[in-house]
Amino acid sequence: MEGSNATNVSAGAAQVPFLQGTSAQVLSGLCVWAAVLLTCQQMYAHLRFYTRPSEQRWIVRILFIVPVYGLDSWLSLLLATHPYHIYFDSVRDWYEAFVIYNFLSLCYEYLGGEGNIMSEIRGKPIRSSWLYGTCCLRGKTYTIGFLRFCKQATLQFCAVKPLMSLLILVLQPLGKYADGDWRVDGGYVWVVTVSNVSVSLALYGLLLFYFATQELLSPYAPVAKFLTVKSVIFLSFWQGFVLAVLAKCGVVEGASAVQNFLICVEMVGAALALRAAFPVHPYLPQEGTTDAQGRSLTMQSISSSLKETMNPKDIMNDAIHNFHPQYQQYTQYTAPAAPASHWPPHPPHTERSTLLSSDDEFQ
């Protein structure tokens, strides 16, 4: 069955001669490396002016999506005639789930954390809106249960996406999975269905959170950030889905190769969009401070910052906390002493204590 599957992969790739030619590979490679260089320069700048690690670690994680997506898609395109190109696709799947969590966590950090957000919106009525999908919440108020749902909606995607990716790695060598194979006895239709539900739920959670906090987030230009991250992750997902449907209808051939080529080209735009959405200038020290020229960089300091940034321990702790049956958190807040920057400070708050309990559901 492995041989049969490899033949199918090769045949699917061979149906698009241009994408297997030198011109397409060079063009896609140039786009990817241009995007990677732009993004690496931006990450370097954030690490040089690492004045707010609590925010910038999420930003650096988000920026890493360009090298991960770009290089992964380029290698997948170069190796499209080999069955093991699916391993590269798996890395891309895992990281996109990671980015969704990081984006929501960055928004939480901007607003001073879960407790501070709750103190600002708790008890306020949820406005009914068809655009944001809150029609069914008419008459209810914002509670900690609302915030918990937003977190759970994104965290489930962080679990489902890697699981679906691992399932593909198991099914494809057995001949039970092939891109665009819509037979009910194959794995593709079920993986796509579960992934669609999961990604839609994650997007809904992000929309609900933005709808509830858009006024609080307004100083941080949330629309540009939200649309950029959503475009890179969700639009690429739906792009692949549409290509698979078109391939099934006979309109497009070699959907997987086309998807990888398009992502390579699109990464240049993604790098530029992320550069505009997550600029470095808010974190530049003010003139006259000792740090105005940036901190002294060494390989040790860079590696230490990257190690801290990419440690996934926080997502595991957050998942345990938010899905625990006895979910509750007691947090005491004091005004933070944040370094000077051009971002507005976190929403001001006096010292207070707040009990956040799972019993506090939508009212």
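Residues numbered from 1 in each chain as written. Predicted model: local features only at pLDDT ≥ 70, side-chain atom pairs only at ≥ 80, totals over all residues. Heavy atoms only, no water.

Caption draft 1: A look at the state of the cysteines. Tallied over the full model, the rule gives zero disulfides. Not part of a disulfide, Cys264 finds its nearest cysteine sulfur in Cys31, a span of 7.8 Å. (Disulfide = S-S within 2.5 Å.)

Caption draft 2: Structural context of the packing of aromatic side chains. Tallied over the full model, the rule gives 11 aromatic pairs. Note on Phe103 and Phe226: the rings are 6.2 Å apart at their centroids and 45° apart in plane angle, and the pair reads as tilted. With Phe103 in helix H5 (residues 86-110) and Phe226 in helix H9 (residues 222-248), the pair connects residues that are 123 residues apart, well separated along the chain. Accessibility expressed as a relative area gives 4% for Phe103, which makes it buried. Its relative accessible area of 9% is what places Phe226 among the buried residues. Summarising the aromatic geometry, the rings of Tyr210 and Phe226 are spaced 6.0 Å apart at their centres and angled 15° between planes, so their arrangement reads as stacked. Of the two residues, Tyr210 is situated in helix H8 (residues 188-217) and Phe226 in helix H9; the sequence distance between them amounts to 16 residues. Here the two residues Tyr210 and Phe226 agree in accessibility, since each one is buried. Each residue in the set Phe103, Tyr210 and Phe226 is aromatic and connected to the rest through ring pairs, giving one cluster. Lying over the aromatic face of Trp58, Arg57 brings its terminal NZ or CZ to 4.3 Å of the ring centre. The ring centre of Phe278 lies 5.5 Å from the NZ or CZ of Lys225, which sits over that ring. (Phe/Tyr/Trp six-rings, centres within 6.5 Å; stacked < 30°, edge-to-face > 60°. Helix = DSSP H or I, 4+ residues; strand = E, 2+ residues; numbered from the N terminus. Buried < 20%, exposed > 50% of the residue type's maximum accessible area, 1.4 Å probe, protein only. Lys NZ or Arg CZ within 6 Å of the ring centre and 35° of its normal.)

Caption draft 3: Region of interest: the confidence of the model for the protein. Mean pLDDT over the protein works out to 76, with 72% of the residues at or above the 70 mark. Averaged pLDDT values for the elements of the protein fall to 41 in helix H1 (residues 2-14) and rise to 92 in helix H2 (residues 22-48). Overall, residues 329-341 carries pLDDT values under 50, and its contacts beyond four positions in sequence, including any with other chains, amount to 36 contacts. Note that pLDDT drops below 50 for residues 348-359; the model gives that stretch 37 contacts with residues more than four away or on any other chain. (pLDDT = per-residue confidence, 0-100. Contact = heavy atoms within 4.5 Å.)

Caption draft 4: Focus on the environment of Leu63. On the secondary structure map, Leu63 appears in helix H3 (residues 53-63). Overall, the relative accessible area of 0% leaves Leu63 in the buried class. Considering only alpha carbons, one finds Leu63 and Arg275, 212 residues apart in sequence, at a separation of 8.6 Å. Aside from chain neighbours lying at most four places away, what touches Leu63 is Thr39, Gln42, Met43, His46 and Leu274.

Caption draft 5: Region of the structure containing empty space enclosed by the protein. Applying the stated criterion across every chain, the model contains one cavity of 30 Å³ or more. Put simply, the largest cavity is a space of about 50 Å³. Only H5, H8 and H9 provide two or more residues apiece to the lining of the largest cavity. It is H8 that contributes the most residues to the lining of the largest cavity, four residues altogether. Its residues assigned to classes, the lining of the largest cavity shows nine nonpolar, no polar and no charged. (1 Å grid on protein atoms, 1.4 Å probe; cavity = no way out; pocket = protein on both sides within 12 Å on 5 of 7 lines; lining within 4 Å. Points joined across faces, edges and corners; volume = space filled by probe spheres on them. Nonpolar A, V, L, I, M, F, W, Y, C, P; charged D, E, K, R; others polar.)

Caption draft 6: Quick look at a nonpolar patch on the surface. Residues Val91, Trp94, Leu163 and Leu166 make up a contiguous nonpolar surface patch of about 360 Å² in total accessible area. Mapped onto the elements of the fold, Leu166 is located in helix H7 (residues 144-171). (Patch = residues over 30% accessible without salt bridge, like charges linked within 9 Å, V, L, I, M, F, W, Y side chains within 5 Å. Areas by Shrake-Rupley, 256 points an atom, 1.4 Å probe, with all protein chains shown as cover. Salt bridge = Lys/Arg side-chain N within 4 Å of Asp/Glu carboxyl O.)

Caption draft 7: Up close: the environment of Trp238. The residue Trp238 is located in helix H9 in this model. Residue Trp238 is classed as partly exposed on the basis of its relative accessible area of 31%. When the C-alpha atoms of Trp238 and Val199 are compared, they prove to be 9.7 Å apart, with 39 residues separating the residues in sequence. Contact partners of Trp238, with chain neighbours within four places excluded, come to Asn196, Val199 and Ser200.

Caption draft 8: A look at the pattern of salt bridges. The final tally for this structure, using the stated rule, is one salt bridge. Between Glu55 and Arg52 there is a salt bridge whose closest N-O contact spans 3.1 Å. For the pair Glu55 and Arg52, one class covers both residues: buried.

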